[in-house]
Amino acid sequence: MDPFGTAALRDRVLAAWAASPARFREDANAEEDLARGSYRDRVVVELAQNAADAAARAGVPGRLLLRLRDGVLSAANTGAPLDAAGVEGLSTLRASAKREDDPAVTVGRFGVGFAAVLAVTDEPVVRSRTGAVRWSRREAGDLAAALPGLGEELTRRGEAVPVLRLPLPAADFVAPPPSPYDTEVVLPLRDEAAERLVRGLLDGIDDALLLTLPALAEVEVDVDGRARVLRAEERDGQGLVVVEGGRRTRWRLATRAGVADAELLADRPVEERLRPGWSVTVGVPVGEGGVPLPVPETVPRVVHAPTPTDESTALPALVVAAFPLDPSRRHVAPGALTDMLCAEVAAAYGELVAALAAAGPSALDLVPGPLPAGALDARLHEGVVAVLARTPLLPAADGSGALRPRDAVLVDGLRGAADPGALGRVVAGLPDPAWWRSDLLRRLGTRELRLVDVVDELAALAMRPSEWRTLYAALDGADRDALAALPVPLADGRLVRGPRGLLLPAGPLPPGLEALGLRVVDPEAAHPLLERLGAEEATAEALLRNPSFQAAVEAWPDDADADPGALGELVLAVVDGAFASVREQPWLGATPLPDAAGGWARADELLLPGSPVVGLLDAREDEVVSADAVDRWGANLLVRVGVREGFAVVRVEGVALEPDGLPDLDDVDGWLDACQDRLPPQDVPPVATELAAVADLELVRDQAWGPALELLAADPATREALVAPVRVVAGDGRSYDLPSYTAWWLREHARPGGRRLGDACAPGAHPAVRALLDPVPVTLDPVVLAALGLPRTVEDLLADPAGLLRRLADPEREPSAEATRAVYAGLATLDPRRVQPPERVRVPDGLGSRVVDAVDVVVADSPQWLQLGSDLVRLLPGPAALADVLDLPLAADELDHAVAGPGVAAPVPPAVREVVPGAPESYVEHEELLVGGRPVTWWVSGDGAVHAATLDGLARGVCWAAGAWDRRLLVAELVRDPGQAGELLAEEAWASSGAW
């Protein structure tokens, strides 16, 4: 049986090939191009497309079963069964049986889709209720080989012969399709590669298949017995629900359709011009309440026409449109029709977003991103953005309706506000704050203003204080920097810009604030936002921090209109409430207070009557606060605003140690000179991190220095200024600690007991120190004494070499010889560059000492020189270094020390050499020893030779030469009676043993 006339179709094709071998080549090449190129991976979607067309022609819901078993892919569908025209369409290339007079045709329109089966099979079969047809690559090759003129071409092509051009009857050995399906395509797969391809295509079937082929109501996919079913439910003009197992995915769609004008089709092939109908669909999955969801990752991100193309898209939606395709059937062809369809896609996209806007601002997730995926996608992006920009999407903040994005205005910095929409009355086009997606809306032409500029315009509003408070509540949470100039109504009726420095009423305010020009917020406008922006509650503490309050207090002496009495009352009331003091707020010292003379003065210039310091200074009445003020406010409160019951302390920070930078203190330049002597040379003056100094010390009465010093040491404020060193940072970054100004001034200028404090020594000082300095006449603790720098040791005296030499040469002093030697021992350790050579020098004189002219003194660096002393030359025992420090000659340079008198060499007794290691083996013995013409008992000459005229002289010479001067007396006994050696050494051991 041959119900479809396949034999006649086959014979016509064979006749055409026989008549024109070139026709054979054309058919073979065209079919191979489709199977290996355009439709190489489209077999499943093309089978689904044919099923959809069959259902549409029959007017029934399309059902499709795709089954893969035992290497065979079958596709069974419901709908119009196969007929002769259908067989002819399947067996021809680009001559579809779906004509323009068939209104049911919605998808297939090119007549080439069935060629996709040749990518996976060589023996396709179509069986229907009306009959069956098959094709065979092997049989097609045999039929072609029987034709004359094709032998050479067949040899060259091998198996690559046209298959679908030669339909074969199959009713005799092919069963009808399974119920309830009307048609089944059976494809024995060519090989494993074909099976892998088919499996991948079946696994990739998702919602997009039902969306792009609306005639399909159900698709079942059965792979080796594992089946899944996708069903389209609730399909209407706005969308559908795709059900797969327990999953239900609702898709919202926007569809547009129509007939293209002839001029739009002028550049398209005849077959397409005969079918001018077009349609576009844009869809997204939606969740609860219609909120759009991302397109599933399984859906290819490509444009569908209506089956997938190779045109990628970055639009966050599924796009289906009847775009014209190029000959490859995989890319959209350019032209007027494509331009029109791009515009229709954009229009449908806009309709979809507008419909989803009812679900809330999540609709903005559908605004295209900034980067399209290709040339076609760029045109779609451009069109969609243009449509969305003019589509009323955004609810207005003031509730007046929907705004077009291009007409909307956002305010940068307002997003975090409690109610950003409150500015709707100020900013025209302000959308509902929930829709403020600036990154997306900017792409749609939405303008963005700076909040700081909007705030600047608020001053033009005429609003009551309570309305301002409402606005503040709405703006709370917005960018604080942008709100810095927020207008604020004041209690006096003014409207000022910026809350910083304003006072928020926190209850009844102290009287007199208005007179000071303080800016107080109107109580009806007060809101916590103003405090967060820099306003402060008008508490006593806040008033003390207020710059205007401080300025009024500091300026009153120069303000002729100021009322010092009222101002003083206000300051005292505020300080009393804040528990503040001048120590934390130094400017409080300017508080106006009445003095005992009936005038007004700064608090820090007044003394508390009856306080200890009043009796120490020469205080006038105008320097003492009035007794009435003490009675009214109490001594404690007056002291807290700066009235002094002790000495005043000046405090400055970061002050440069240079004459113009220091506070006005008595002899501060002298302290500066003393500090610079302690610092290395600097190109820039060092800076004191903090300088605290006791002022008015020069006003202390001479007879009051004893109690004054005790008061300075007892008061914590003055004590700190006295004992704490001044930390300075030099220009090279190094830090140094310098004596405090107070300690330096007291040491230099205070005169307890009528004597300069710096000329006194600390209690318990070294005898040599006590011999040169008087003890301090006041009882002070060790910390204060250390800060004052009163000497305790000889090393302390060395800190002031000039003062030490001056005191040493004072004829009224009578230091002992031992004390004098201790002082000179210390002086010998100094750098000569630090010492100014004295004109008068003290020298030992027996157990005491006396002062002589320096020109008459030489330094004796050896005890042998003492034998040459005279009234004309005073010998000062000491090392050679002392001569350098005092700029005095050495005895060896000034005295004749030539050795004279005959002598003979004699051995040094062995006992002496045993007692004095390093003693010479011999010496020169003289009957009479003369040095410089004067008789001496011993001498060590420049060559180290020991000369002696007596046994004592021998002992001294040997010990000096051996560096054992401390054993000279022992050695003297040994040389007199060597037999005493054992006894003398035993006594020496007894004397030197700490245990005996």
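Residues numbered from 1 in each chain as written. Predicted model: local features only at pLDDT ≥ 70, side-chain atom pairs only at ≥ 80, totals over all residues. Heavy atoms only, no water.

A. Quick look at the overall build of the chain. Along the backbone of the chain there are 35 helices and 41 strands. The C-alpha atoms of the chain give a radius of gyration of 58 Å, which is well past the 30 Å a tight globule of 996 residues would have. With respect to the principal axes defined by its C-alpha atoms, the chain has extents near 170 × 95 × 50 Å. Expressed as a percentage of its 996 residues, the buried residues of the chain come to 48%. For the chain, contacts bridging at least 24 residues in sequence account for 64% of all contacts bridging at least 6. A total accessible area of about 45,400 Å² is found for the chain, and carbon and sulfur atoms account for 51% of it. Distance between charge centroids for the chain: 12 Å, based on 95 positive and 151 negative side chains. (Helix = DSSP H or I, 4+ residues; strand = E, 2+ residues; numbered from the N terminus. Rg over C-alpha atoms; globule rule 2.2 N^0.38 Å. Buried < 20%, exposed > 50% of the residue type's maximum accessible area, 1.4 Å probe, protein only. Contact = heavy atoms within 4.5 Å. Areas by Shrake-Rupley, 256 points an atom, 1.4 Å probe, with all protein chains shown as cover. Lys, Arg positive; Asp, Glu negative; His and termini not counted. Charge placed at Lys NZ, Arg CZ, Asp CG, Glu CD.)

B. Structural view of the sheet that holds strand 35 (residues 899-900). The three strands are arranged 35-38-39 in an open sheet whose pairing can be described as antiparallel. The sheet is open, and its two borders are formed by strand 35 and strand 39 (934-936), each paired with just one other strand. Both strand 38 (residues 929-931) and strand 39 contribute to a ladder of three bridges, which runs antiparallel. What sits directly across from Val-931, in strand 39, is Arg-934. (Pairing = 2+ DSSP bridges.)

C. Structural detail: the nonpolar core. If you look at the biggest cluster of nonpolar residues, it comprises 83 residues, and the most contacted ones within it are Phe-323, Tyr-349, Leu-414, Leu-423, Leu-451, Leu-483 and Leu-486. Broken down by element, the residue count for this core peaks at eleven residues, all from helix 10 (residues 336-356). Of all hydrophobic cores here, the second largest spans 60 residues; its members include Ala-52, Leu-90, Leu-216 and Val-242. (Core = buried A, V, L, I, M, F, W, Y, C linked by side-chain atoms within 4.5 Å.)

D. Structural view of the pairing of strand 8 (residues 226-236). As defined by bridge partners, strand 7 (residues 216-223) adjoins strand 8 across six bridges and the pair is classed as antiparallel. Across the sheet, residue Val-221 finds its bridge partner in strand 8, namely Arg-228. Where strand 7 folds back onto strand 8 in an antiparallel hairpin, the turn is made up of two residues, including Asp-224, whose phi is positive at roughly 55 degrees. Pairing between strand 8 and strand 9 (residues 239-244): five bridges, direction antiparallel. Residue pairing in the sheet places Glu-233 in a bridge with Val-241 of strand 9. Adjacent in sequence and paired antiparallel, strand 8 and strand 9 are bridged by two residues.

E. Quick peek at the environment of Thr-391. Counting through the fold element by element, Thr-391 comes out in the loop between helix 11 (375-389) and strand 15 (394-395). For Thr-391, a relative accessible area of 12% corresponds to the buried category. Taking C-alpha positions, Thr-391 is 66 Å from Gly-151, a pair spaced 240 residues apart along the chain. Dropping the residues within four chain positions of it, Thr-391 is found in contact with Gly-350, Ala-354, Leu-403, Arg-404 and Pro-405. A distance of 2.6 Å separates the side chain of Thr-391 from the backbone oxygen of Val-387, its partner in a polar contact. (Polar contact = N/O pair within 3.5 Å; in protein donor to acceptor, adjacent residues only side chain to side chain.)

F. Summary view of unusual backbone geometry. Following Ser-179, the chain continues to Pro-180 via a peptide bond in cis, the omega torsion being 10 degrees. In this structure, Pro-180 sits in the loop between strand 5 (168-169) and strand 6 (183-188). Not every positive phi belongs to a glycine, and Glu-234 is a case in point at roughly 50 degrees. Inspection of the secondary structure assignment puts Glu-234 in strand 8. Taking the relative accessible area as the measure of exposure, Glu-234 reaches 44% and is therefore partly exposed.

G. Representation of helix 10 in the model. In a regular helix each residue adds 1.5 Å, so 21 residues correspond to 30 Å; helix 10 covers 30 Å between its end C-alpha atoms and thus fits that length. Counting buried positions along helix 10 yields 15 of 21 residues, so the element is predominantly enclosed. (Expected span 1.5 Å × (residues − 1).)

H. Highlighting the packing of aromatic side chains. Taken as a whole, this structure holds nine aromatic pairs when the rule is applied. Here Trp-705 and Trp-745 contribute two aromatic rings whose centre-to-centre distance is 5.8 Å and whose plane-to-plane angle is 35 degrees, an arrangement assigned as tilted. Within this pair, whereas Trp-705 is found in helix 22 (residues 705-714), its partner Trp-745 is found in helix 24 (residues 741-749), the two being separated by 40 residues in sequence. This pair shows no difference in class: Trp-705 is buried, exactly as Trp-745 is. Members of the aromatic cluster, connected to one another through ring pairs, are Trp-938, Trp-960 and Trp-965. (Phe/Tyr/Trp six-rings, centres within 6.5 Å; stacked < 30°, edge-to-face > 60°.)

I. Geometry of the packing of helix 33 (residues 951-962) against helix 34 (residues 968-976). Two elements in contact, helix 33 and helix 34, have axes separated by 8 Å at closest approach and are oriented at 135 degrees. When the axis of helix 33 is compared with that of helix 34, the two are oblique. The handedness of the crossing between helix 33 and helix 34 is right-handed. Across from Leu-951, Asp-952, Leu-954, Ala-955, Arg-956 and Cys-959 in helix 33, the residues of helix 34 making contact are Arg-968, Leu-969, Val-971, Ala-972, Val-975 and Arg-976. Classifying every residue of the contact of helix 33 with helix 34 by side-chain character gives eight nonpolar, no polar and four charged. (Axes fitted to C-alpha atoms, helices over the stretch in contact; angles between N-to-C directions. Parallel < 35°, antiparallel > 145°, perpendicular 65-115°, else oblique. Left-handed = near helix turned anticlockwise from the far one by under 90°. Nonpolar A, V, L, I, M, F, W, Y, C, P; charged D, E, K, R; others polar.)

J. Layout of the sheet that holds strand 28 (residues 735-738). Sheet architecture is open: four strands sit in the order 25-26-27-28, paired in antiparallel fashion. Since the sheet does not close on itself, it has two edges, and those belong to strand 25 (649-656) and strand 28, each with one partner. If you compare each strand with its neighbour and ignore which way they point, the axes differ by 25 degrees on average. Pairing of strand 27 (residues 726-729) with strand 28, which is carried by four bridges, proceeds in the antiparallel orientation. In the strand pairing of strand 28, Arg-727 is matched with Asp-737.

K. A look at the confidence of the model for the chain. Here the chain shows a mean pLDDT of 87. Residues at 70 or above account for 96%. Here residues 94-111 scores under 50 on pLDDT; set against residues more than four positions off or in separate chains, the count is 46 contacts. (pLDDT = per-residue confidence, 0-100.)

L. Highlighting the side chain of Thr-6. Structurally, the position occupied by Thr-6 is in helix 1 (residues 6-19). Setting aside residues up to four positions removed in sequence, Thr-6 forms contacts with Val-87, Val-133, Pro-167, Leu-168 and Pro-169.

M. Structural context of the environment of Arg-651. Along the chain, Arg-651 falls in strand 25. The class of Arg-651 is partly exposed, set by a relative accessible area of 30%. Spatially, the C-alpha atom of Arg-651 lies 47 Å from that of Ala-418, the residues being 233 residues apart in sequence. If sequence neighbours within four positions are ignored, Arg-651 has contacts with Arg-583, Glu-690, Leu-691, Ala-692, Ala-717 and Glu-720.

N. The arrangement of the pairing of strand 7 in detail. Of all eight residues making up strand 7, seven are buried, and the element is well covered by its neighbours. Looking at chain direction, strand 1 (residues 62-69) and strand 7 are connected through seven bridges and run parallel. Across the sheet, Leu-64 pairs through a bridge with Val-219, a residue of strand 7.

O. Representation of the pattern of salt bridges. In this structure the tally under the stated criterion is 63 salt bridges. Here Arg-42 ties to Asp-310 by a salt bridge, and the two come within 3.9 Å at their closest N and O atoms. Residue Arg-42 is found in the loop between helix 2 (21-38) and helix 3 (43-58), and its partner Asp-310 is found in strand 13 (residues 308-312); the two are separated by 268 residues along the sequence. Classification of Asp-310 by relative accessible area gives partly exposed; the value is 31%. Taken together, the shared-partner salt bridges in this structure form one network comprising Arg-25, Glu-32, Glu-153, Arg-156 and Arg-157. (Salt bridge = Lys/Arg side-chain N within 4 Å of Asp/Glu carboxyl O.)

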